[in-house]
Amino acid sequence: MAINFFQEDIKYDLPQKNLTKKWLREIAKREGFKITDLNYIFCSDEYLYKINVDYLDHDTYTDIITFDNSEEKNTIEGDIFISIERVKDNAKTEDQDFHHEALRVLSHGLLHLCGYKDKSKEEAHLMRQKENASLDSYSELTKQ
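Thresholds applied
- Residues numbered from 1 in each chain as written.
- Predicted model: local features only at pLDDT ≥ 70, side-chain atom pairs only at ≥ 80, totals over all residues.
- Heavy atoms only, no water.
- 1 Å grid on protein atoms, 1.4 Å probe; cavity = no way out; pocket = protein on both sides within 12 Å on 5 of 7 lines; lining within 4 Å.
- Points joined across faces, edges and corners; volume = space filled by probe spheres on them.
- Helix = DSSP H or I, 4+ residues; strand = E, 2+ residues; numbered from the N terminus.
- Nonpolar A, V, L, I, M, F, W, Y, C, P; charged D, E, K, R; others polar.
- Expected span 1.5 Å × (residues − 1).
- Buried < 20%, exposed > 50% of the residue type's maximum accessible area, 1.4 Å probe, protein only.
- Contact = heavy atoms within 4.5 Å.
- Pairing = 2+ DSSP bridges.
- Axes fitted to C-alpha atoms, helices over the stretch in contact; angles between N-to-C directions.

Topic: empty space enclosed by the protein
Leftover empty space is mapped by rolling, across the atoms, a probe with the size of a water molecule.
Right, so step 1: Applying the stated criterion across every chain, the model contains one cavity of 30 Å³ or more.
Right, so step 2: Considering only enclosed or pocket space, the largest cavity measures out at about 30 Å³ in volume.
Right, so step 3: Counting residues per element, the ones that place at least two in the lining of the largest cavity are helix 3 (84–93) and helix 4 (98–113).
Right, so step 4: Broken down by class, the residue content of the lining of the largest cavity amounts to seven nonpolar, no polar and no charged.

Encoded structure:
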């Protein structure tokens with residue numbers, strides 16, 4: 001049940017790693033999944049852009065790319081790349097604290113691995129509801 005945090009070409013140290021790992025496990029459990037191997041890789045816009053072009057043939061910047069490596073039903077195994085620069089910009093745009101927006105993106109990637117999509121308006125609405133519920137559960141954990 002490993003959850004790992006890595007950095008590529010940037011310096012970013014996620015605060016409260018153990019609490020965040022517990023929170024991510026709770027999200028997965030709530031959705032009926034068990035995390036076996038989950039890697040979060042924090043990187044720059046350019047690093048993530050190159051992945052987007054090379055692996056997904058998308059010529060755009062994005063805040064997150066999720067790769068699902070799971071082979072068994074209801075298990076989570078994957079790699080989630082997050083652009084810290086995009087998260088900072090999104091936090092400003094959404095008038096949110098950076099850490100709050102980072103948690104949103106962390107949960108967003110995990111929710112993708114749980115099968116949630118965000119391409120249609122309805123899917124995006126459900127994804128946002130799930131993200132908000134996840135953020136609420138993080139707040140509850142910090143009170144314990």
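Alright, that's what it looks like, and here's the rest.
Some details on helix 5 (residues 121–143)
Right, so step 1: For helix 5, built from 23 residues, the straight-helix expectation of 33 Å at 1.5 Å per residue is met to within 8% by its first-to-last C-alpha distance of 34 Å.
Right, so step 2: Where helix 5 is concerned, the buried positions are Met-127, Glu-131, Ser-134, Leu-135, Ser-137, Tyr-138 and Leu-141.
Right, so step 3: Next to the buried residues of helix 5 lie helix 1 (17–30) and helix 4.

Comments concerning the sheet that holds strand 4 (residues 75–83)
Right, so step 1: An order of 1-2-4-3 is seen for the four strands of this open sheet, with the pairing classed as mixed. The open sheet terminates on both sides in strands that have one partner only, identified here as strand 1 (2–7) and strand 3 (64–68). Ignoring which end each strand starts from, the neighbouring axes of this sheet average 15° apart.
Right, so step 2: Pairing of strand 1 with strand 2 (residues 34–43) involves six bridges; the strand directions are parallel. The partner of Ala-2 across the bridge, within strand 2, is Asp-37.
Right, so step 3: Running over the sheet, helix 1 touches strand 1, strand 2 and strand 4 and is turned about 125° from strand 1.

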